[in-house]
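Listed below are the residues making up each chain.
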Amino acid sequence: MLNRNIVEIIDALEAHEDTDAIRVLEEIGTNSPDNDIREYTSRALVKKNVHDSLKIVIINQGKGINDLSPSVAMSTINEILALKDKTEVIKILDDTINMHSDESVKDNARSVKSLLALN
């Protein structure tokens, strides 16, 4: 379980609307050795639902849908599926499928896109 202070910090960064908040979530949260922190951070980045936050959890190997922890990856995918406006996430998934150099990242993007089609 996450420390209440950490949860409050991540929640505040999620609510903050500048690019520095996204940068801090990426640099500290998604790079944390703690699975719970990475999971909560990835969910916060998805909830922001802006290009800069979504691309972190979709195109980066080892982060978000590409995290080596199944709980982090699945939590991120579930948060993507729960988005009301999926326009930006679909655009990033398409770009990842068409242009990313890493096949495993492309495969994960394809899988998430398939889940969105079923949703």
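A brief look at the structure comes next. (Residues numbered from 1 in each chain as written. Predicted model: local features only at pLDDT ≥ 70, side-chain atom pairs only at ≥ 80, totals over all residues. Heavy atoms only, no water.)

Some words on the environment of Val112
By the secondary structure assignment, Val112 is in helix α7 (residues 103–118). Separated by 19 residues in the primary sequence, Val112 and Leu93 place their C-alpha atoms 7.9 Å from one another. Those residues in contact with Val112, other than ones at most four positions away along the chain, are Ile65, Ile77, Ile80 and Leu93. (Helix = DSSP H or I, 4+ residues; strand = E, 2+ residues; numbered from the N terminus. Contact = heavy atoms within 4.5 Å.)

Side note on the nonpolar core
Counting 27 residues, the largest nonpolar core has Leu54, Ile58, Ile80, Val89, Leu93, Val112 and Leu116 as the members making the most contacts within it. Those elements giving two or more residues to this core turn out to be α1 (4–15), α2 (19–29), α3 (35–48), α4 (51–59), α5 (70–82), α6 (87–99) and α7. By residue number, the principal contributor to this core is α3, which donates 5 residues. Excluding anything up to four places from it in sequence, Ile80 contacts Val46, Ile58, Ile65, Lys86, Val89, Val112 and Leu116. (Core = buried A, V, L, I, M, F, W, Y, C linked by side-chain atoms within 4.5 Å. Buried < 20%, exposed > 50% of the residue type's maximum accessible area, 1.4 Å probe, protein only.)

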